[in-house]
Structures are given as C-alpha cells and as structure tokens.
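# A structural walkthrough
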Amino acid sequence: MIVTILWEDQRGGVIKGFGPQTLLEACLRDRGEIQVDKLSGVPRKGIGNLLRDLRINIGKLTNSGPVIAVIDRDRIREQLPDNPAACMQGLKEKIHLQAPGNYEVVFLVENIESLVADCCMALGEVPPPRKLNPIERDQILSKAAWAPPERRLVLLSRSPSFARLVAKVAEKLGYH
C-alpha cells in the first residue's frame, strides 16, 4: 500500500528534495517506526492541475492506496464555482463535486508560506519578509526536517493544519 499525497504547489512533476514532503516525512518518523517509503508526494502546479489529476486519475491513484490532497486554503474559494461557503466542510464538498472520488482533502490554514513562517519561528529564526521562490522555501522546510525533533514539535503546535496532515497520513499508514 502507498499513501499518495497530492500537493498544491507552484511547480509540479517529480521534484527531488521537495520541502513539504521532506518535512512531512520527518514529522512522521518522529512518531515512531513509520515507513515513509510507503509515501508518494506529488506536487501539482496549481489547484486547477490538482483537481484535474483527481478527476482524471483518482481511480489509478487509489489502486495503490489512500490519496490525500493538500490544498492551500487562502485562495481556494476563488478557484471554485458559485463562491462556496468559507467553512472547510463546505469547501471540501465543493471540491468533491468538481472532482468526485475516494480521497481526503487537508487544508493548510493559509498556504505553504505560512508553513515556512511557522518553521522559521520553530527554529528560532525570523520569517522571511517576502514570498520565497520554491528552492528557498524548500531549503527552510528541509532545515526544519533535519532539526532536532523538539523543533518539529514546536512547529506542529504552531501549525495545527500541518499537524492534522501528519496525523491523517500516520492514520492511513496504520499508526495512531
């Protein structure tokens, strides 16, 4: 069984050292003997590509195991028709209408930049004053992934939405 995580991102395709996935795997290892080789992190360039992938490929993706779509919450409403309710459940329902299938949606409360800021704070650093390019962003997320586990605990307390993702993936892998 493979748990596939589709990430809404600025870039797509196979990316070596994809920071959000690296950080997720480190947080999962902190929980114990979780086999991160049972994970597949797939960045998709923008929400449109992520939704298209869910519409077209969900059957093939779920043949390998559970699928989790990680979506930035800050601008999702403008990407969906009929201006859905701002509550997470309403947004999830609208996403499932756009792309029916057996998968779960986890929202990052704002976006990946808010996760970068939380990583900086957990590492005792000042968050960047500007939006970083993907390579700079991945460097900070990877730095948090390689930091002592206590720093990631601080991160998870600062970022409940990322903590929810870690817990959801651990559950899908059979760990509680």
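As a reminder, the structure under discussion sits directly above these lines.
Conventions used here
Residues numbered from 1 in each chain as written. Predicted model: local features only at pLDDT ≥ 70, side-chain atom pairs only at ≥ 80, totals over all residues. Heavy atoms only, no water. Buried < 20%, exposed > 50% of the residue type's maximum accessible area, 1.4 Å probe, protein only. Helix = DSSP H or I, 4+ residues; strand = E, 2+ residues; numbered from the N terminus. Pairing = 2+ DSSP bridges. Expected span 1.5 Å × (residues − 1). Contact = heavy atoms within 4.5 Å. Salt bridge = Lys/Arg side-chain N within 4 Å of Asp/Glu carboxyl O.

## Examining the pairing of strand E4 (residues 104-108)
The buried fraction of E4 amounts to 4 of the 5 residues, a majority that puts the element mostly inside the structure. Looking at chain direction, strand E3 (residues 67-72) and E4 are connected through 5 bridges and run parallel. The partner of Ala 69 across the bridge, within E4, is Val 105.

## What to know about helix H8 (residues 160-172)
In an α-helix there are 3.6 residues to a turn, and that puts residues three or four apart on one side. Relative to the 18 Å expected for 13 residues at 1.5 Å per residue, H8 spans 18 Å between its end C-alpha atoms, a close match to the ideal helical length. Considered for burial, the residues of H8 that qualify are Ser 161, Phe 162, Leu 165, Val 166, Val 169 and Ala 170. Within two residues after H8, Gly 174 carries a phi angle of roughly 95°, on the positive side.

## Looking at the pairing of strand E1 (residues 3-9)
A regular strand carries its side chains on alternate faces of the sheet. When you tally the buried positions in E1, you get 7 out of 7 residues, the bulk of the element. On E1, burial covers both faces: Val 3, Ile 5, Trp 7 and Asp 9 on one face and Thr 4, Leu 6 and Glu 8 on the other are all buried. Where E1 lies against strand E2 (residues 39-45), 7 bridges are found, and the strand directions are parallel. Counterpart to Glu 8 in the pairing with E2 is Arg 44. Note: E1 against E3, 4 bridges, orientation parallel.

## Comments concerning the environment of Arg 151
Relative to the helices and strands, Arg 151 resides in helix H7 (residues 149-158). Note on Arg 151: relative accessible area 32%, which makes it partly exposed. For Arg 151 and Lys 172, which are 21 residues apart along the polypeptide, the C-alpha to C-alpha distance reads 24 Å. Excluding its chain neighbours within four sequence positions, the residues that come into contact with Arg 151 are Ala 122 and Leu 123.

## What to know about the pattern of salt bridges
What the rule picks out here adds up to 10 salt bridges. A salt bridge links Asp 30 to Arg 152; its shortest N-O distance comes to 2.6 Å. With Asp 30 in helix H1 (residues 19-30) and Arg 152 in helix H7, this pair connects stretches of sequence that are 122 residues apart. Ionic pairing is found between Arg 130 and Glu 136, a salt bridge with its closest N-O pair at 2.9 Å. Bridged by salt links that share partners, the residues Asp 9, Arg 137 and Asp 138 form one connected network.

## Some points on the side chain of Asp 53
Residue placement: Asp 53 occurs in helix H2 (residues 46-64). With a relative accessible area of 7%, Asp 53 lands in the buried category.

## A closer look at the environment of Gln 10
Along the polypeptide, Gln 10 turns up in the loop between E1 and H1. On the basis of relative accessible area, Gln 10 is assigned to the partly exposed category, the value being 26%. For the pair formed by Gln 10 and Glu 93, sequence separation is 83 residues and the distance between their alpha carbons is 24 Å. Among residues more than four places away in sequence, those in contact with Gln 10 are Lys 45, Glu 113, Lys 131, Leu 132 and Pro 134.

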